[in-house]
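Now for the letters of each chain:
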Amino acid sequence: MSNKEEKLQPKEIKKTISEESKETLDSLKEKANEIKDSATEKAVEFKEDATKTFDAAKEKINETFSDENMDKVKEKFSEYSDEAKEKVSDFAEDAGEMFDDVKEKASEFASEAAENLADLAEDAKEEIKEATTKTKSFFQRLFGK
């Protein structure tokens, strides 16, 4: 124990532990939200880029091919477009699953931290009670009361 911790009273120890646990939980929540936001942002950017690319390709195809070939080209483009949409959807789903996993891990960590905090508080309470009893006994023997 450091000098600072030795000087802390039981209520201050409990408060310090609670504050540290809250800070840890807040940090985990913040990181989970950052990951979710980043994954969402990347999925949106990817979707927008894919849409722009397909729109540009469609325009070039319209310019390049004749009317008689246009129907064939549109059919293929639609097929590729559907595949791209499916891949974007899969990517977004994977990003969502990744976020859910991170959120689940953060929740598990928070639960464990809460359990450990409760155990630590209970242990501290028992230690304080024992120290109080020993101190009282010591002074009673010292002063003969």
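Quick notes on the rules
- Residues numbered from 1 in each chain as written.
- Predicted model: local features only at pLDDT ≥ 70, side-chain atom pairs only at ≥ 80, totals over all residues.
- Heavy atoms only, no water.
- Helix = DSSP H or I, 4+ residues; strand = E, 2+ residues; numbered from the N terminus.
- Buried < 20%, exposed > 50% of the residue type's maximum accessible area, 1.4 Å probe, protein only.
- Contact = heavy atoms within 4.5 Å.
- Areas by Shrake-Rupley, 256 points an atom, 1.4 Å probe, with all protein chains shown as cover.
- Phe/Tyr/Trp six-rings, centres within 6.5 Å; stacked < 30°, edge-to-face > 60°.
- Salt bridge = Lys/Arg side-chain N within 4 Å of Asp/Glu carboxyl O.
- Patch = residues over 30% accessible without salt bridge, like charges linked within 9 Å, V, L, I, M, F, W, Y side chains within 5 Å.
- UniProt positions renumbered as here; feature names shortened; annotations may be inferred.
- pLDDT = per-residue confidence, 0-100.

(A) Representation of the overall build of the chain in the model. The number of helices and strands found in the chain is three helices and zero strands. Each helix and strand of the chain, ordered N terminal to C terminal, gives the series α-α-α. Counting all 145 residues of the chain, 12% fall into the buried class. If you take every contact in the chain between residues at least 6 apart in sequence, the share linking residues at least 24 apart comes to 71%. Surface exposure of the chain reaches about 12100 Å², of which carbon and sulfur atoms provide 52%.

(B) Just the packing of aromatic side chains, in detail. Here the structure, examined in full by the defined rule, presents two aromatic pairs. For the pair Phe138 and Phe139, a centre-to-centre distance of 5.4 Å together with 70° between the ring planes defines the contact as edge-to-face. The exposure class of Phe138 is partly exposed, given its relative accessible area of 43%. Judged by its relative accessible area of 42%, Phe139 is partly exposed.

(C) Structural view of the environment of Phe54. Relative to the helices and strands, Phe54 is located in helix H2 (residues 10-64). For the pair Phe54 and Ser81, spaced 27 residues apart in the sequence, the C-alpha separation amounts to 7.1 Å. Not counting chain neighbours up to four residues away, the residues in contact with Phe54 comprise Phe77, Tyr80 and Ala84.

(D) Just the pattern of salt bridges, in detail. Under the counting rule described, the total for this entry stands at two salt bridges. Notably, a salt bridge pairs Asp37 with Lys36, separated by 3.9 Å at the nearest N-O pair. Overall, the relative accessible area of 32% leaves Lys36 in the partly exposed class. Across the pair Glu130 and Lys134 runs a salt bridge, and its minimum N-O distance is 3.0 Å. With Glu130 and Lys134 both in helix H3 (residues 67-143), this residue pair falls four residues apart, about one helical turn.

(E) Expanded view of a nonpolar patch on the surface. A grouping of Phe138, Phe139, Leu142 and Phe143 is seen on the molecular surface, where their side chains present a nonpolar patch of about 440 Å² in accessible area. Phe143 gets classed as exposed once you look at its relative accessible area, which sits at 57%.

(F) Representation of the UniProt feature "coiled-coil region" (unreviewed entry) in the chain within the structure. Within this numbering scheme, the UniProt entry marks residues 107-134 as carrying the feature "coiled-coil region" (unreviewed entry). End C-alpha atoms of residues 107-134 are separated by 40 Å, and the span's content is 100% helix alongside 0% strand.

(G) Representation of the environment of Phe109. By the element assignment, Phe109 lies in helix H3. For the pair Phe109 and Thr24, spaced 85 residues apart in the sequence, the C-alpha separation amounts to 9.6 Å. For Phe109, the contacting residues outside a window of four places in its chain are Thr24 and Leu28.

(H) Examining the confidence of the model for the chain more closely. Mean pLDDT over the chain: 78, with 84% of residues reaching 70 or higher. Across the chain, the secondary-structure element scoring lowest on mean pLDDT is helix H1 (residues 3-7), at 55, and the one scoring highest is H3, at 80.

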